[in-house]
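Okay, here's what each chain looks like letter by letter:
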Amino acid sequence: MRSAPVVLAECVAAVIDTVAIERQDVFDSELPRSSFFLYRWGNAIHAKTRESVIRRELLYSEGEELDLNLVEETERNLRALPFIGEAETILAYTPDSARVRVTVRTLDRWSTTAGIIIPDQGGPNYSAGLELEEKNLAGLGVELGAHYRSGDSADEPFEAYGIRYDNPGFLGTRHEVSVEWDYDGFIRRESGLLRKPRLFLADPHGYRMTVSVQSGSKRWIDNNQVLFSHPMDSQAWGASYTRYVYTRLPKRRHRTVSLTLGLDWERTRYDADGVEEQFLERVPPDLSRTTLRTVGEYSVLRYATARYLESFGNTEDLTLGRWVDLELTRTIDVLGNREVRQTIKLIGTYRGRLDSNIHVSAQAAAGTGRGRDVPVAYEWNAGTLWAHRPRLVAAIVTKGTIARHAPSYYLTYLGGDEGLRGYDDTDLAGQNYAYFSVSERYFSPLRLFTVGIGAEAFLEAGKLWGGEIVGGTAWRGDIGGSLLLGLNRLANRDLVRIDIAKRLTESGYRWSIGYGVDFALWAPPASD
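Let us look at the structure shown here. (Residues numbered from 1 in each chain as written. Predicted model: local features only at pLDDT ≥ 70, side-chain atom pairs only at ≥ 80, totals over all residues. Heavy atoms only, no water.)

### Notes on the overall build of the chain
From N to C terminus, the chain includes three helices and 26 strands. Each of the 528 residues in the chain was classed as buried or not, and the buried ones make up 46%. Long-range contacts, defined here as pairs at least 24 residues apart, represent 58% of the contacts in the chain between residues at least 6 apart. Carbon together with sulfur atoms contributes 57% to the accessible area of the chain, which is approximately 25300 Å² in total. (Helix = DSSP H or I, 4+ residues; strand = E, 2+ residues; numbered from the N terminus. Buried < 20%, exposed > 50% of the residue type's maximum accessible area, 1.4 Å probe, protein only. Contact = heavy atoms within 4.5 Å. Areas by Shrake-Rupley, 256 points an atom, 1.4 Å probe, with all protein chains shown as cover.)

Here it is, written out as structure tokens:
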């Protein structure tokens, strides 16, 4: 038999004879170069992903005609699992190319995390604690996690804890079940999810059902001080079904037209008794709402891969193309609905590659409607990644929101890990904002055992306006640097950042810990 890697340009009409699975442990690729005992110890205590979990992800089976597009999608699905680092397929054809042996080879990631949540802020915001998380319990692909932390939030002491369970292969099927219970020290939340995601491009169906309950004390914070608080409780559930119509186009492109029908119910009550009169307008009104949701999407896309846009050499699966989404909602007079509300939202997304080194992404959205507290809102998020030297990537990012006729409690936050990193999350807030950043990232070849070492330098600026402003309307900015740690062998933690940022327009600096880098290109728009 002759072996060949997967090359999608070739399309050999062969029948799949057998499908073999080769599972590698987390540090198998390190052992030939080193007999360091930690690698062997790590492999010994790690529960290797079971073969049944890998086979569950296969989109083809023995006796079927080989479809190289399904082979590629299977590899992408496997790499999308948090406990799988790499996946490749080897095809071995018979001499007459009539039959083929398929070998799927996977490399596990370390799936157990136990550590200390170290303080990431000082002053009025401070927390520390413990967390334990297993992404691949007993090799079954099941996630189980728990956390505990305590500290101060806006100078108020708190204790927070929670647990989470997620099983993407519930009862051996392709249906996902997720349950979470969390208490952040002020609000208790319970939630559940049951869904069947779109498994491959030609998959015609998907569904999603959710339920959530919240109760506790809602706090309103201005400049790290609690202005007021009041009790609240909320219950919500939702269900949706999506039908996909798929067409394979020339030049390895794919077109999908989808329609999602959903029904959502929510009831939220706010107890404003005891709130000072000057703050009453900030308290949202009670609501009881039943909403019919319709979403249509048109997309033309293609698949690609990269290596050094965010990670330190792991395969990064890109989804390039264009998407247009139209979402319509309307409240209906059932289940205690108390208001008339209609909304319409149009979203356009483009992700492309100008050449092998320059990647661009842009998304714009506009929405309006009629009913209580329905703003006219415009949003944008765009950026460019330029791999101008080996292991060097420059990034330019801009994003923002413009809202008109928005209620006073409609706020977006400009500080924190996803905005100006020199400010705390609650330092800067308003109805409208604009954000810009320029950064240079270096993914060095240095390794500390299996951890990659890199660095980032960044310059950020942002502005708030409209409505109730927290922190003022002047332009704010910061400059700083990050230590990048590439945890390629750890589940769901491709990159950890340790940031330190100096404010430009006033005194002060902030350091924090975050995950990933700003501007992600590869994830397609969410669609179930």
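Having seen it, we continue.
### Comments concerning the pattern of salt bridges
Within this structure, the stated rule accounts for 31 salt bridges. Across the salt bridge formed by Arg-55 and Glu-51, the nearest N and O atoms sit 2.8 Å from each other. Placement of both Arg-55 and Glu-51 in helix H2 (residues 51-56) is noted, with a separation of four residues, approximately one turn of the helix. The salt bridge partner of Arg-164 is Glu-180, with a shortest N-O separation of 3.5 Å. Taken together, the residues Arg-164 in strand E8 (residues 156-167) and Glu-180 in strand E9 (residues 176-183) connect sequence positions 16 residues apart. Look at Arg-164 and you get partly exposed, because its relative accessible area is 28%. Each of the salt bridges in this network shares a partner with another, and the network as a whole consists of Glu-133, Lys-135, Glu-143, Arg-164, Asp-166 and Glu-180. (Salt bridge = Lys/Arg side-chain N within 4 Å of Asp/Glu carboxyl O.)

### Observations concerning the nonpolar core
Membership of the largest hydrophobic core comes to 23 residues, with the highest contact counts inside it found for Tyr-60, Leu-66, Val-100, Val-102 and Val-104. Broken down by secondary-structure element, the contributors of at least two residues to this core are strand E2 (15-24), H2, helix H3 (68-80), strand E3 (84-93) and strand E4 (99-108). Those residues in contact with Val-100 that lie beyond four places of it in its chain are Ala-14, Val-15, Ile-16, Asp-17, Thr-18, Leu-66, Leu-91, Ala-92 and Tyr-93. Membership of the second largest hydrophobic core comes to 13 residues, among which are Leu-309, Leu-318, Leu-495 and Val-517. (Core = buried A, V, L, I, M, F, W, Y, C linked by side-chain atoms within 4.5 Å.)

### Focus: the environment of Pro-390
Relative to the elements of secondary structure, Pro-390 occurs in the loop between strand E18 (376-389) and strand E19 (392-404). Here Pro-390 falls in the exposed class, since its relative accessible area comes to 72%. Here the alpha-carbon distance between Pro-390 and Tyr-442, two residues 52 residues apart in the chain, equals 8.9 Å.

### Thoughts on the packing of aromatic side chains
Under the counting rule described, the total for this entry stands at seven aromatic pairs. The interplanar angle of 40° and the centroid separation of 6.1 Å between the aromatic rings of Phe-158 and Phe-186 together place this pair among those described as tilted. Taken together, the residues Phe-158 in strand E8 and Phe-186 in the loop between E9 and strand E10 (187-196) connect sequence positions 28 residues apart. Here Phe-158 and Phe-186 have matching classes, each one buried. When the centroid spacing of 5.7 Å and the interplanar angle of 20° are considered together, the rings of Tyr-161 and Trp-181 count as stacked. Here Trp-181 lies in strand E9 and Tyr-161 lies in strand E8, a separation of 20 residues in the sequence. Judged by relative accessible area, Trp-181 falls into the partly exposed class, the value being 28%. (Phe/Tyr/Trp six-rings, centres within 6.5 Å; stacked < 30°, edge-to-face > 60°.)

### As for unusual backbone geometry
In the Ramachandran plot, Ser-97 falls in the positive-phi region, its phi being about 60° despite a non-glycine side chain. For Ser-97, the position within the fold is in the loop between E3 and E4. A positive phi angle, close to 55°, is found at Leu-171, a residue other than glycine. Using a relative accessible area of 71% as the deciding quantity, one classes Leu-171 as exposed.

### Looking at helix H1 (residues 37-45)
Turning to H1, its buried residues are Tyr-39, Gly-42 and Asn-43. All buried residues of H1 fall inside an arc of 95° around its axis, so they share one side. Facing away from the buried side of H1, by more than 90 degrees, are the exposed residues Phe-37, Trp-41 and Ala-44. (Arc of directions from axis to C-beta.)

Treat this as a map of the structure, not an account of what it does.
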